[in-house]
Amino acid sequence: MYKQLSDFQSGARTNVIMTSIVKELTDRDMLDVAQYFASSGHVASGDDKSVETEPSIVAHGNPTKNVVSCAVCHGGVDHKAGAPFLQGLSASYLSTQLNAFAVSERHNDSGEQMRNIARNLTETEIKEAAAYYAGLKGRTTGVTWP
Ligand code: HEC
């Protein structure tokens, strides 16, 4: 969260609403906010249209296109530092971010980790992954994935 706030402030990530919100925040404010949310153990509600099984792109990726499974970084198998929890985020937010990474409109991912993946996803894979993560209920912060 601290990285995202800093990215909005530096302009590395842009969003009309967030850019103006973070404008006056000090570094201390951003650390405090990040610390607060990281320790609050917020439980994501998830939507009601839960997808029971992991779509193939989430569980296995797509080796023919050099796409690693989402779970490797975002949880489920392991959780990589720096990769945000996705469960419970809205499907429209998730697919918007994936499409933005795919066309490099969002470009604040270190080492182009997400851009390299999103570019190689089909529309269907984006929809399936977004629906899957949106349907998961679970803690998004304050805990590590088992
Ligand atoms: C190699 C590790 C890695 C893999 C594999 C990976 N991601 Fe990511 N993902 C990241 C990182 C790191 C970020 C945070 C980028 C940043 O700093 O803003 C991210 C960010 C995201 C975001 C934006 C989240 C937000 O809160 O704005 C979405 C959505 C996302 N990934 C979806 C996926 C999906 C779907 C897959 C599988 C097709 C996937 N990712 C595979 C590392 C990865």
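All values reported here derive from a predicted model rather than from experimental measurement.

Focus on the coordination of the iron atom of the ligand
Consideration 1: The iron atom of the ligand binds to the protein through His74 (NE2) and Met114 (SD); the donor distances cover 2.0 to 2.1 Å.
Consideration 2: Taken together, the six donor atoms coordinating the iron atom of the ligand and their angles of 84 to 178° define a geometry best described as octahedral. On the criterion of sequence distance, the pair formed by His74 in helix α5 (residues 70-74) and Met114 in helix α7 (residues 113-118) is long-range, its members being 40 residues apart. The same class applies to His74 and to Met114, which are both buried.

A look at the site of the ligand
Consideration 1: Taken together, 26 residues surround the ligand, and among them Cys70, Cys73, His74, Tyr93 and Met114 come closest.
Consideration 2: Lys3 is positioned such that a nitrogen or oxygen atom in its side chain is 2.7 Å from an oxygen atom of the ligand.
Consideration 3: Interatomic distance of 3.1 Å between a side-chain N/O atom of Asn108 and an oxygen atom of the ligand.
Consideration 4: Sorting the residues of the shell around the ligand by element identifies α1 (2-10), α5, α6 (91-102) and α7 as the ones contributing at least two each.
Consideration 5: Take the shell around the ligand: its biggest share by element is five residues, from α6.
Consideration 6: Split into classes, the residues belonging to the shell around the ligand amount to 15 nonpolar, seven polar and four charged.
Consideration 7: When we break the shell around the ligand down by domain, the ones giving at least three residues each are domain 1 (1-39) and domain 2 (42-146).

What counts and what doesn't
- Residues numbered from 1 in each chain as written.
- Predicted model: local features only at pLDDT ≥ 70, side-chain atom pairs only at ≥ 80, totals over all residues.
- Heavy atoms only, no water.
- Donors = N, O, S within 2.8 Å, 3.2 Å for Na, K, Ca; no water.
- Tetrahedral: all angles 85-135°; square planar, octahedral: opposite > 155°, others 65-115°.
- Helix = DSSP H or I, 4+ residues; strand = E, 2+ residues; numbered from the N terminus.
- Buried < 20%, exposed > 50% of the residue type's maximum accessible area, 1.4 Å probe, protein only.
- Near = heavy atom within 4 Å.
- Polar contact = N/O pair within 3.5 Å; in protein donor to acceptor, adjacent residues only side chain to side chain.
- Nonpolar A, V, L, I, M, F, W, Y, C, P; charged D, E, K, R; others polar.
- Domains from an automatic or database assignment.

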